[in-house]
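# Secondary and tertiary structure notes
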Amino acid sequence: MAKTTNVGIVGTQFMGRAHSNAYLDVPFYYNLPAPPVMRAACDVNKADLDAFCKRFGWQTQEADWKKLVERDDIDLIDIVTPNFLHKPVAVAAAKNGKHIICEKPIAMDAGEAREMLDAARENNVRHMTAFNYRRVPAVALAKKLIDEGKIGKVYHFNAVYYQDWLIDPNFPYVWRHDKTKGGSGAHGDMNAHIVDLARFLVGEFEAVCCAQEVFIKERKKPDGTMGKVTADDAAYIMAKFRDGALGAFLVSRLANGRKNFLRFELFGSKGAVSFNLERLNELEYYSLDDPGPEQGFRTIVVTESSHPYIKMWWPPGHIIGWEHTFIHEIGDLLLAIDKGENVQADFYDGMRCQQVIDAAVKSADERKWIQIPKE
Ligand SMILES: NC(=O)c1ccc[n+]([C@@H]2O[C@H](COP(=O)([O-])OP(=O)(O)OC[C@H]3O[C@@H](n4cnc5c(N)ncnc54)[C@H](O)[C@@H]3O)[C@@H](O)[C@H]2O)c1
């Protein structure tokens, strides 16, 4: 019988849809020895689960994730739930010998993330934290330029991630406002992405200093009562990297007019790169090696077959989009599972990112610089 990777997914909303789309598309573009079979989906909301399975073709349903992770016909558990469920589902999945992909932020805090990493290692399963922006071709090209020494010694990594979906005070209270469900707010939602990109492109953090704020203190719950917002609306982190670079990370969910605006600029001794998610097929590159009068930022349209990930897509100039990052993520994971190899970003990366976020929250609480653990 042909080999397959049988998937069970927990959660059926935003990321449930993004990941389902990736499982459906990935066999057309990756050469997979064990393509995915969308075996079972799980959600506490029965009506949503029915509609989700019907729309995306998930074969069976489970109401309880504890049953899902025990099923013999599942190889890979995909966790796309609120953050407080990541650890219990992942640890149980690992103990049942399942490979795991878990959405970011990996957990409520670094202690939970460590437990997840230990469980995955002890049970020798593959594990991935879903930092999909590593797999934007332009970001992967930036990494290649940095690794090849074209940017030189990195001095600055400055990133912003702005959204405005909470600008309306009448936007209802959801799990993302509750620290006991999310661990943090804008930190886990948005800083997790740009902190991971910083680790990917620059290296480990040494220390952080942070200010954060909840601007709208209460929001209406579905039952009409007011819920206290405990998770940060916005946060500013200043950072020092171990190799001496400086970093700045600004995130807000009340950045009026900005919908999903992720931009970073990285400056080094020999050049610079700059990326904007709203123009994700492009990388801006500046090189001191260019002849004097021609020096200046150039825009590389990252759609050539020689660019990362592009070979499997379209001819040059035929751009790709946000959903492709999930196809790359799932494709790379399925190949790694087949080969029995580790895949980046793994639970270790998820944990290291979480340590930075935990330190930033502590820094804001205590109003001082906080060191990042060495390991
Ligand atoms: N990579 C990215 O760009 C990105 C973007 C958005 C969200 N995320 C992350 O993905 C995760 C999910 O976010 P989302 O936006 O899809 O959330 P969501 O609120 O849209 O969906 C969460 C789902 O989990 C389900 N759920 C809740 N409790 C459950 C339980 N006990 N058992 C089974 N299902 C349960 C909900 O019913 C819902 O279907 C979060 O960790 C979030 O941080 C990542």
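You'll find the structure just up there.
Here's a quick rundown of the structure. (Residues numbered from 1 in each chain as written. Predicted model: local features only at pLDDT ≥ 70, side-chain atom pairs only at ≥ 80, totals over all residues. Heavy atoms only, no water.)

A word on the packing of aromatic side chains. Scanning the model with the defined rule gives 18 aromatic pairs in all. With centroids separated by 6.2 Å and ring planes inclined at 15°, the aromatic side chains of F52 and W58 adopt a geometry described as stacked. Of the two residues, F52 and W58, both sit in the buried class. Relative to F261, the ring of Y162 lies with its centre 6.1 Å away and its plane at 10°, an arrangement referred to as stacked. Here Y162 is found in strand 7 (residues 154-162), whereas its partner F261 is found in strand 13 (residues 261-268), with 99 residues between them in sequence. Among the aromatic residues, those joined into a ring-pair cluster are F157, F205, F241, F249, F264 and F275. (Phe/Tyr/Trp six-rings, centres within 6.5 Å; stacked < 30°, edge-to-face > 60°. Buried < 20%, exposed > 50% of the residue type's maximum accessible area, 1.4 Å probe, protein only. Helix = DSSP H or I, 4+ residues; strand = E, 2+ residues; numbered from the N terminus.)

For the rest of this paragraph, the subject is the site of the ligand. Near the ligand lie 23 residues; those nearest to it are D43, N83, K104, W175 and R176. In isolation the ligand exposes 850 Å². Once the protein is present, 86% of that is buried. Of the residues assigned to the shell around the ligand, the class counts are eleven nonpolar, eight polar and four charged. (Near = heavy atom within 4 Å. Areas by Shrake-Rupley, 256 points an atom, 1.4 Å probe, with all protein chains shown as cover. Nonpolar A, V, L, I, M, F, W, Y, C, P; charged D, E, K, R; others polar.)

The next point concerns the environment of A94. By the secondary structure assignment, A94 is in helix 4 (residues 86-95). By relative accessible area, A94 is classed as buried at 0%. Remark: the alpha-carbon pair of A94 and M116, spanning 22 residues in sequence, is separated by 8.2 Å. Those residues within four positions of A94 in sequence are excluded, and the remaining contacts are I100, A119, A120, N123 and V125. (Contact = heavy atoms within 4.5 Å.)

Following the sequence through the fold, E70 ends up in the loop between helix 3 (65-68) and strand 4 (76-79). E70 sits 22 residues away from A92 along the chain, and the two C-alpha atoms are 8.3 Å apart.

Relative orientation and spacing of two packed helices are given, respectively, by the angle between their axes and the distance between those axes. Taken N-terminus to C-terminus, the directions of helix 4 and helix 5 (residues 110-122) make an angle of 15°; their axes are 8 Å apart at the nearest point. In this view, helix 4 runs roughly parallel relative to helix 5, as classed from their interaxial angle. Read as a crossing pair, helix 4 and helix 5 show a hand that is left-handed. Here helix 4 contributes H86, K87, A90, V91 and A94 to the contact with helix 5, which in turn contributes E112, E115, M116, A119 and A120. In the contact of helix 4 with helix 5, the residues fall into six nonpolar, one polar and three charged. (Axes fitted to C-alpha atoms, helices over the stretch in contact; angles between N-to-C directions. Parallel < 35°, antiparallel > 145°, perpendicular 65-115°, else oblique. Left-handed = near helix turned anticlockwise from the far one by under 90°.)

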